[in-house]
Amino acid sequence: MSEFEKLKIVTKYELLKQFRRRRFYGALVLTLLAVILIIALYKGLDIPGKLSPLISDSPELFALFVTSAGATIPIFAAVFFAGDSIASEFEHKTGYILFPNPVKRSTFVVGKYIACLTVTSLIVIFAYVTTVIALVGIYQQLPIEVFGSLALALVYANSVLGIAFLYSSALKGSMGATIATLLTIMLVFSVIEVSLIFANIDPWFMHGYAGDSIASVYGVPFAAAFGGGMPGGMEARNPDPTTSFFVMLGYFIVPFILSIWLTKRREML
Amino acid sequence: MRESIVIEGLSRYYNGFLALDNLSLKVRKNEDVALLGPNGAGKTTALKILCGLLRPSSGTAYINGVNVMEERERAISMVGTMLETPEFYPFLTPVETLSYLGRLRGMSGQGLKSRIEEVIKLVRLEEWAKVKIGKFSRGMKQRLALAQAFLHDPPILILDEPALGLDPRGMMEVREILKKAKKEKTVFLASHLITEVVQVCDKVALIDHGHLLVYDSIPRLKRKYRTSLEGVYLKLTEAAI
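Below or above, wherever it landed, is the structure these notes cover. Since the structure is predicted, the reported quantities are computational estimates derived from the model, not experimental observations.

1. As for the overall build of chain B
Here's step 1: Of the regular secondary structure elements, chain B holds nine helices and ten strands.
Here's step 2: Oriented by its inertia axes, the alpha-carbon framework of chain B measures out at about 50 × 40 × 35 Å.
Here's step 3: Split into buried and exposed, the 241 residues of chain B put 58% on the buried side.
Here's step 4: Sequence-distant contacts in chain B: of pairs separated by 6 or more residues, those separated by 24 or more amount to 67%.
Here's step 5: On chain B, roughly 10,500 Å² of surface is accessible, and the fraction owed to carbon and sulfur atoms is 49%.

2. Some words on the interface of chain B and chain A
Here's step 1: Contacts between the two partners involve 32 residues from chain B and, on the opposite side, 31 residues from chain A.
Here's step 2: Together, the buried faces of chain B and chain A total about 3,000 Å²; carbon and sulfur atoms form 60% of this surface.
Here's step 3: By the criterion of area lost to chain A, the three top residues of chain B are Leu53(B), Tyr89(B) and Leu104(B), representing 23% of everything that side buries.
Here's step 4: On the surface where chain B and chain A come into contact, there are three salt bridges.
Here's step 5: Between Arg20(A) and Glu96(B) there is a salt bridge; the shortest N-O distance is 2.5 Å.
Here's step 6: On inspection of chain B and its partner chain A, the count reaches 17 residue pairs in polar contact (both at pLDDT 80 or more).
Here's step 7: Of all the elements in the fold, those that place two or more residues in the side of chain B that touches chain A are strand 1 (3-14), helix 2 (72-76), helix 3 (94-104) and helix 5 (138-150) of chain B.
Here's step 8: With six residues, helix 3 of chain B is the single largest residue contributor to the side of chain B that touches chain A.
Here's step 9: Of the residues that constitute the side of chain B that touches chain A, the class distribution is 14 nonpolar, seven polar and eleven charged.

3. Comments concerning the pattern of salt bridges
Opposite charge on two side chains makes pairing possible when the charged atoms of those side chains draw close.
Here's step 1: Overall, the coordinates contain 23 salt bridges over all chains when judged by the stated rule.
Here's step 2: Here Glu14(A) and Lys17(A) are joined by a salt bridge, their closest N and O atoms 3.0 Å apart. Residue Glu14(A) and its partner Lys17(A) are both found in helix 1 (residues 3-20); the two are separated by three residues, about one turn of the helix.
Here's step 3: By relative accessible area, which is 3% here, Glu14(A) ends up buried.
Here's step 4: For Asp216(B), the salt bridge goes to Arg220(B), with nearest N and O atoms at 2.8 Å.

4. Structural notes on the sheet that holds strand 4 (residues 58-63) of chain B
Residues and elements named next belong to chain B.
Here's step 1: Strand order in the open sheet formed by four strands is 2-1-4-5, and the pairing between neighbours is antiparallel. Single-partner strands in this sheet number two, and they are strand 2 (17-28) and strand 5 (66-67).
Here's step 2: Note that strand 1 and strand 4 share five bridges and pair antiparallel. Each residue of the ladder has a partner; that of Ile-7, found in strand 4, is Ala-61.
Here's step 3: Taken strand by strand, helix 1 (residues 43-50) contacts strand 1, strand 2 and strand 4, and its axis lies near 120 degrees from that of strand 1.

5. A few points about helix 1 of chain A
Here's step 1: Compared with an ideal rise of 1.5 Å per residue, which puts 18 residues at 26 Å, helix 1 of chain A spans 26 Å between its outermost C-alpha atoms and is within 8% of the ideal.
Here's step 2: Looking at the buried residues of helix 1 of chain A, the elements they touch are helix 2 (22-44), helix 5 (72-82), helix 6 (87-91) and helix 8 (105-139) of chain A together with helix 3 of chain B.

6. Topic: the pairing of strand 9 (residues 203-208) of chain B
Both faces of the sheet carry side chains from a regular strand, because those side chains alternate between them.
Residues and elements named next belong to chain B.
Here's step 1: Counting buried residues along strand 9, six of its six residues qualify, which places the element largely inside the surrounding structure.
Here's step 2: Neither face of strand 9 is exposed, since Lys-203, Ala-205 and Ile-207 on one face and Val-204, Leu-206 and Asp-208 on the opposite face are all buried.
Here's step 3: Pairing of strand 3 (residues 32-36) with strand 9, which is carried by four bridges, proceeds in the parallel orientation. Residue pairing across strands places Val-33 opposite Lys-203, the latter belonging to strand 9.

7. So, unusual backbone geometry
All names here are of chain B.
Here's step 1: Of note, the phi angle at Asn-22 is positive, near 50 degrees, even though the residue is not glycine.
Here's step 2: Relative to the elements of secondary structure, Asn-22 occurs in strand 2.
Here's step 3: The phi torsion at Glu-161 lies on the positive side, around 45 degrees, for a residue other than glycine.
Here's step 4: Mapping Glu-161 onto the fold places it in the loop between strand 7 (156-160) and helix 6 (168-181).

8. Section: the side chain of Ser217(B)
Residues and elements named next belong to chain B.
Here's step 1: In this fold, Ser-217 is placed in strand 10 (residues 211-217).
Here's step 2: Ser-217 gets classed as buried once you look at its relative accessible area, which sits at 13%.
Here's step 3: Contact partners of Ser-217, with chain neighbours within four places excluded, come to Asp-202 and Lys-203.

9. Quick look at the sheet that holds strand 10 of chain B
All names here are of chain B.
Here's step 1: The sheet built from six strands is open, its strands ordered 6-7-8-3-9-10 with mixed pairing. If you trace the sheet from one side to the other, it starts and ends with strand 6 (79-82) and strand 10, each paired once. Ignoring which end each strand starts from, the neighbouring axes of this sheet average 15 degrees apart.

Rules behind the numbers
- Residues numbered from 1 in each chain as written.
- Chains lettered and ligands numbered in written order.
- Predicted model: local features only at pLDDT ≥ 70, side-chain atom pairs only at ≥ 80, totals over all residues.
- Heavy atoms only, no water.
- Helix = DSSP H or I, 4+ residues; strand = E, 2+ residues; numbered from the N terminus.
- Buried < 20%, exposed > 50% of the residue type's maximum accessible area, 1.4 Å probe, protein only.
- Contact = heavy atoms within 4.5 Å.
- Areas by Shrake-Rupley, 256 points an atom, 1.4 Å probe, with all protein chains shown as cover.
- Buried area = accessible area lost by both parts, 1.4 Å probe.
- Salt bridge = Lys/Arg side-chain N within 4 Å of Asp/Glu carboxyl O.
- Polar contact = N/O pair within 3.5 Å; in protein donor to acceptor, adjacent residues only side chain to side chain.
- Nonpolar A, V, L, I, M, F, W, Y, C, P; charged D, E, K, R; others polar.
- Pairing = 2+ DSSP bridges.
- Axes fitted to C-alpha atoms, helices over the stretch in contact; angles between N-to-C directions.
- Expected span 1.5 Å × (residues − 1).

The following block contains the structure:
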């Protein structure tokens, strides 16, 4: 049997595992609630009316607000599903059953990744479908940029998966891997990025900045929309979607290759 | 190939602690050998290296002539393993778990389905075959672990404390399964249960502090030391202290 056939089997059963877990359905419910809350706040607080007079309410602004406010959804979805993907095999000793099989460790990692990517993508797509329904319901319009934003959100989620897989293959526990991933993305990367901005260095290569392309594709100028009161340089946050795509791809590829290497070397102690 | 398992000068350190000290032994085809020794003797370390889960600090091991360190997947394909206290994915049932592991080993279709039914019957888990493993006791997981080790009908079984966590009836049943299996398979098991070893195995490799003390057939050991296997064990492990 070829390694590709084995990969299909690993992916199939990893997907079965993911769909059997309560956290997938929990994530769906939380995503729905988050999107509804953001829409309610947008309309309830009359967000467009509070912005610069240069900006008026539009489907693009609505989509930008909802998808950028919900930008943490790809992060949490990816971390929820990938944080324990490798670490749990060692922590919960399931590796004693799984690894003594004639399958390469790299095949297990790739199979687990495909399954995690699938469920994470489903959550992100679900968030966008809810947004699209709201857009059509409220504005009877669907800006084409929503699809570009969705594509970038999926690439962003994928980059979070790469980082989560790296921690999951390097750390002993699933919880540690989950927390380390969140801290890295939401704290370490953010601190570096803000510092770069204050130092007048364009942070195009930073993870979070590249992730902002999810919102910048709508073409609504950030400076006008959200610029008030931000530190110097922040008003210029307008990442190029193409560059950001490749940056996010890099944040996936490098950690994921490291993750495969670490998992291959890791011993069942 | 007369030797199913060949271990050549295996040593393993854990942060400076020598867990396995230049262990060498050969297990011939259809021989049934117990790796006997007190807790921490290095039994599990030796088995983990054989299954490619640990790397040795030095030495090498072969399964049916295939170097485990160089061709792990090919070597392990000839083995059914059961190591440490086994754990399974709690969201899957025994049938799903065995189906997954069977497919990874190249089994499929009706053949796999029939074999799953056979091994589930062998370990007496018929009533639990479609219940999620999250609800299983330790003993039931132990039975399922034994079932997966037999699933692909491997010529070699490497088992670590196979009766651990089982009630007396379960222990007896496992011994009966292994006694039947030994007729056509090579069984290499680690244990510190002398009763289990005497009933299942022909030969004993007694290790302590990672060092091989003696490796011989049970009758010859009894004759040489003029005592039971338990007496041999106590005498040699005491001397090692």
